[in-house]
Structures are given as C-alpha cells and as structure tokens.
Amino acid sequence: DELPSGAQSPLSLPAASRHSDIQRDLIRELELRGVTSGIALSMVEKHEPALIQQKVEAFDWQMSKAEQAVIKNPAGYLRTSIEQNYASPEGFIPKAERERKAVEETARRRAEKDAETQADRQRQARATAIEARWTALSLAERAVLEARAEGSLTPFASQALARERLEGRQNGTGHFALRAEIDKLLAAELDA
C-alpha cells in the first residue's frame, strides 16, 4: 500500500503523535508529577490507562497526606506503584467512588428535605382542617368538647388551667394543654 503524496507513515511520526488523546493526557499527568518523558511514554505503552489513572489519583492523595514513602522520591514512587501495581493506600477512596457517594448523599438529603416538606404540608393541612372544624362548631358544641377535653388533662395541666381561669388568663400551660386535647378530639372526629 502506498501512502498519499506528502503523508507520513505512522511509524515515522514522532512518538507523541502516535498515541491517543488519553495516552497523551496520561503522559502529561505523569510528567507533571516528575516522571521523565521517556519513562512516561514507556509506562503508557505498557500499562492500561485505567491502572495509570488510578495510581496517579492514589499518588496525589498520598502526596496531600505527605506520606513519607511518597515524598522521599515522588516520581520514583509513582513509577514503581504503576509498574508493581501497588495496592491502594489505606483510607484512599477513588474519585469516582467519592463522586458517587456525594451524589448519593445529595440525593439522600434531598429526599429527606422533600419528606420533611411533605410532612410539614400534611401537618399544616391537618392543623388547618382542625381549626376549620373548631371554628364551625357552635358555642354549645365547643363547650361540650371543651368539657370532654378537660376530663383528659393530667392533674398538673388541670391545676394550671384552674389557676389560669382564676387569674382571668386565656393562655398558659393549662390552656395550651386543653387546646391540645381539644385538637386530639377534633382530629379523631375528622378521621372517623
């Protein structure tokens, strides 16, 4: 087969042009970490890109932790870790897994927030329905319901309510407890 006029044989091209974009990127990543061009080229030709990417990522993590084995001879350590396929360092989590966990955590938080929002809406709707039911009662019906609710108060709440009434107050612990019991009775009525 003859090459078109002016075309070069792939073997006559400089070594860097014969490699894929991924390989060129890996060579550059290795060079940025101190590995010489020739050794980086040789490593990229001998090892799978995924292995090199994994070791570079682990190397960067170890450098950020200032691990002694790495900082003594960073380029040499990186080269050996690739050539001998060192196990991932203890505590190291690959970027893809960290990103997956972050996405999962974001989704979990969003789901929790959505559930809280939904629960708040349901509580608000429930409170609105209870208040609407209370408002719809006649004064006589309210008095009957209030008497039923008073019978359910704890002794402490009952005493507090009696004291508040003697003082002419319309609020306080006793009134709060009474309204809570009234709301329970109205909720049970709505559920029936």
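Keep in mind the model is a prediction, meaning the values are calculated, not measured.

J.: What's the story with empty space enclosed by the protein in this structure? I'm lost.
T.: Over the atoms, a rolling probe the size of a water molecule traces out where space has been left empty. If you walk through the whole model with that rule in mind, you get one cavity of 30 Å³ or more. The computed volume of the largest cavity comes to approximately 60 Å³. Forming the boundary of the largest cavity are Lys-55, Ala-58, Phe-59, Gln-62, Tyr-77, Ser-81, Tyr-86, Ala-87, Ser-88 and Pro-89. Of all the secondary-structure elements, those providing two or more residues to the lining of the largest cavity are helix H3 (49-64) and helix H5 (74-83). Counted by class, the lining of the largest cavity contains six nonpolar, three polar and one charged residues.

J.: Sorry if this is basic, but what is going on with the nonpolar core here?
T.: Across soluble globular proteins, nonpolar side chains have a tendency to be buried as a group. In terms of nonpolar packing, the biggest core is built from 16 residues, with Leu-30, Val-35, Val-44, Ile-52, Leu-78 and Ile-82 touching the most fellow members. Those elements that provide at least two residues to this core are helix H1 (21-32), helix H2 (37-46), H3 and H5. When residues no more than four places from it in sequence are discounted, the contact partners of Ile-52 are Leu-26, Leu-30, Met-43, Val-44, His-47 and Ile-82. Membership of the second largest hydrophobic core comes to 13 residues, among which are Trp-134, Leu-137, Leu-145 and Ala-157.

J.: Help me out: how do you make sense of unusual backbone geometry in this one?
T.: As a rule of thumb, non-glycine residues mostly have phi less than zero, and peptide bonds are mostly trans rather than cis. Unlike most non-glycine residues, Ala-66 shows phi in positive territory, near 55°. For Ala-66, the position within the fold is in the loop between H3 and helix H4 (68-71). Residue classification places Ala-66 among the partly exposed residues on the basis of a relative accessible area of 42%. Residues other than glycine seldom take positive phi values, yet Asn-85 does so here, at roughly 50°. Turning to its location among the elements, Asn-85 is positioned in the loop between H5 and helix H6 (95-136).

J.: Explain H1 here, please?
T.: For H1, built from 12 residues, the straight-helix expectation of 16 Å at 1.5 Å per residue is met to within 8% by its first-to-last C-alpha distance of 16 Å. Among the residues making up H1, those that are buried are Leu-26, Ile-27 and Leu-30. For H1, the angular spread of buried residues about the axis comes to 100°, placing them on one side. The exposed set on the far side of H1, more than 90 degrees from its buried face, consists of Asp-21 and Leu-32. Of the residues one or two after H1, Gly-34 is the one with positive phi, at around 95°.

J.: In this structure, what is going on with the side chain of His-47? I would like to understand it.
T.: By secondary structure assignment, the location of His-47 is in the loop between H2 and H3. Excluding residues that lie within four positions of it along the chain, His-47 makes contacts with Ile-52, Ile-82 and Glu-83.

J.: Just to check I follow, could you spell out the environment of Gln-118 for this structure?
T.: Inspection of the secondary structure assignment puts Gln-118 in helix H6. A C-alpha to C-alpha distance of 51 Å links Gln-118 and Ile-82, two positions 36 residues apart in sequence.

J.: Can you help me understand the packing of H6 against helix H9 (residues 173-191) in this one?
T.: The relative placement of two packed helices is expressed as an angle between their axes plus a distance between the axes. Contact pair H6 / H9: the axes reach a minimum separation of 9 Å and the direction vectors enclose 95°. As summarised for this structure, H6 and H9 are arranged roughly perpendicular, according to the angle between their axes. Every residue of H9 that contacts H6 at Arg-126, Ala-129, Ile-130, Glu-131, Arg-133 and Trp-134 is listed here: Arg-179, Ile-182, Asp-183, Leu-186, Ala-187, Glu-189, Leu-190 and Asp-191. Per-class residue counts for the contact of H6 with H9 are seven nonpolar, no polar and seven charged.

J.: Honestly, H5 in this entry has me stumped. Any pointers?
T.: For the α-helix, the turn length of 3.6 residues means that residues three or four positions removed from each other point alike. Among all positions of H5, only Ala-75, Tyr-77, Leu-78, Ser-81 and Ile-82 are buried. Taken end-on, H5 shows its buried residues confined to a sector of 165°, consistent with a single buried face. On its buried face, H5 is in contact with H1, H2, H3 and H4. Phi for Asn-85, located one or two positions after H5, is positive at around 50°.

Thresholds applied
Each chain carries its own residue numbering, running from 1 in the direction its sequence is written. It should be noted that, the model being predicted, local features are given only for residues of pLDDT at least 70 and side-chain atom pairs only at 80 or more, the latter also being counted only at that level, while totals for whole chains, interfaces and linings use all residues. Heavy atoms throughout the structure, all of them, feed into the side-chain values; hydrogens and water do not. The definitions used throughout rest on a 1 Å grid laid over the protein atoms alone, on which a cavity is an enclosed set of points accommodating a 1.4 Å probe that cannot get out and a pocket is an open set flanked by protein within 12 Å on both sides along at least five of seven lines; lining residues are those having an atom within 4 Å of a point. Grid points are joined across faces, edges and corners, and a volume is the space filled by probe spheres set on the points. Secondary structure elements follow DSSP: runs of H or I no shorter than four residues count as helices, runs of E no shorter than two count as strands, and numbering proceeds from the N terminus. Residue polarity is assigned by list, with Asp, Glu, Lys and Arg as charged and Ala, Val, Leu, Ile, Met, Phe, Trp, Tyr, Cys and Pro as nonpolar; anything else, Gly included, falls into the polar class. Buried residues of nine kinds, namely Ala, Val, Leu, Ile, Met, Phe, Trp, Tyr and Cys, make up a nonpolar core once their side-chain atoms join them within 4.5 Å. Categorising residues by exposure relies on relative accessible area from a 1.4 Å probe, with only protein chains included: less than 20% of the type maximum marks a residue as buried, more than 50% marks it as exposed, and the intermediate range marks it as partly exposed. By the convention used here, residues are in contact when the closest approach between their heavy atoms is within 4.5 Å. Any helix carries an expected span of 1.5 Å times its number of residues minus one. Each direction from the helix axis to a C-beta atom contributes to the arc, which is the arc of those directions. Fitted lines through C-alpha atoms serve as axes, helices being fitted only where they are in contact, and the angles separating the N-to-C directions of these axes extend from 0 to 180 degrees. Each angle is binned into one of four classes, with values under 35 degrees roughly parallel, values over 145 roughly antiparallel, values of 65 to 115 roughly perpendicular, and all other values oblique.

The values reported here are purely geometric and, on their own, carry no functional implication.
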